[in-house]
Each structure stands twice: as C-alpha cells, then as structure tokens.
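Architecture and fold: a report
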Amino acid sequence: ITRKLKLHGNELPRLVVTKTNANITAQVFDDAKDVLDSLSDNGAIIGVISGNCESHMHLLLNQFGYEKYFKCVVGNDSYTNPKPNAEPILLGLSRLNYFDKTSTVYVGDSLQDYEAAVNAGVDGILIDRDNSHPTFKGRKIKSLSELINY
C-alpha cells in the first residue's frame with residue numbers, strides 16, 4: 001500500500017447496528033482492526049462517511065477503540081444531500097483538508113456508496129462480502145483485507 005492511499009467510508013470498520021429494547025449493540029467485522037492497523041501504519045488518512053448521525057458514530061467507534069484511526073467522521077446531521085450525491089464525500093475531503101481526488105478511495109457496502117464516489121470524482125470500491133451484486137461491473141472486493149494490496 002502506498003502512503004498516498006486515502007480511504008473514506010463507513011465500511012472502515014463496517015458496523016452492523018441493531019436496536020434492542022433501547023440498547024444499541026454493534027458488531028465489527030473480523031478483518032477491520034488488522035486492516036485499519038495496516039493502513040494507519042502506512043500513513044493512510046482515513047475518515048468515515050455515514051448515514052448515521054456523527055455523535056452515534058463517535059460513540060460506536062469509541063466503544064470499539066477505533067476512533068483513533070479516523071481523522072474525521074461525517075454524519076447525516078452534517079450534510080443536506082445524502083449518497084449517492086457527492087456532498088457527503090466532498091464534505092469529508094474538506095474536513096480532512098485533502099483535495100487530491102486522484103489518490104482518494106471511497107469504500108462502501110452499497111451501490112449508492114459506489115455512485116457517490118463516482119459523483120464525487122474519486123475511486124470507488126464496493127465491498128460485497130456475500131456477492132449480493134454479482135453483475136456489478138465496477139471495482140469490488142469481498143474482504144477489507146484486499147485493500148492492503150490495492
């Protein structure tokens with residue numbers, strides 16, 4: 001991985017959140033920590049762009065000890081036009097004070113995430129762990145660990 005690889009996406013780590021009797025539980029995919037360690041060790045600047053509010057994302061990232069990896073968190077309470085609009089990604093780049101789109105990668109787990117990356121003018125990667133989108137023609141990975149050699 002090069003020092004220029006910049007990753008933004010709610011997939012890093014992908015948090016599965018469910019509400020049960022007003023308690024929030026979350027699960028982190030097994031490959032998230034190793035990938036975040038590797039990317040961070042190699043100088044990647046990582047942010048989260050989420051459809052959840054920022055305070056919720058900070059709470060979850062802090063709960064799992066992952067907040068240290070992320071230089072910014074962009075939540076739905078900070079933008080007007082949700083993905084697939086480019087606004088959330090462009091806001092993340094602005095908060096990072098990073099505007100080199102040629103070395104920016106956005107990893108997401110939905111087609112809307114991929115479309116948002118295209119609309120923002122950055123490379124998009126769809127993470128499709130269970131091959132839900134077999135005919136997808138863009139860049140696709142099955143595991144975050146595939147980012148290490150990207």
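Coordinates for the structure precede this section.
Summarised in this report is the structure supplied together with it.

Scoring rules and cut-offs
- Residues numbered from 1 in each chain as written.
- Predicted model: local features only at pLDDT ≥ 70, side-chain atom pairs only at ≥ 80, totals over all residues.
- Heavy atoms only, no water.
- Helix = DSSP H or I, 4+ residues; strand = E, 2+ residues; numbered from the N terminus.
- Contact = heavy atoms within 4.5 Å.
- Core = buried A, V, L, I, M, F, W, Y, C linked by side-chain atoms within 4.5 Å.
- Buried < 20%, exposed > 50% of the residue type's maximum accessible area, 1.4 Å probe, protein only.
- Salt bridge = Lys/Arg side-chain N within 4 Å of Asp/Glu carboxyl O.

Attention shifts here to the environment of L126. Assignment of secondary structure puts L126 in strand 7 (residues 123–127). L126 sits 14 residues away from Q112 along the chain, and the two C-alpha atoms are 9.6 Å apart. Dropping the residues within four chain positions of it, L126 is found in contact with G108, D109, S110, L111, Y114, H133, F136, R139, K140 and I141.

The next subject is the nonpolar core. Formed by 21 residues in total, the largest nonpolar core has its most connected members in Y66 and F70. Secondary-structure elements contributing two or more residues to this core are helix 1 (32–41), strand 4 (46–49), helix 2 (54–63), strand 5 (70–74), strand 6 (104–108) and strand 7. For this core, the leading source of residues is helix 1, giving four residues. With 14 residues, the next largest nonpolar core counts V74, Y79, A116 and V122 among its residues.

Per the stated rule, a full pass over the model turns up six salt bridges. Of the charged contacts in the structure, one is a salt bridge between K33 and D37, with a shortest N-O distance of 2.8 Å. You can see K33 and its partner D37 sitting in helix 1, four residues apart, about one turn around the helix. When its relative accessible area of 37% is taken as the criterion, K33 is described as partly exposed. With its nearest N and O atoms 2.8 Å apart, the salt bridge here joins E54 to R95. Linking E54 in helix 2 with R95 in helix 3 (residues 87–95), this pair joins segments that are 41 residues apart in sequence. Take R95: its relative accessible area is 38%, and that puts it in the partly exposed class.

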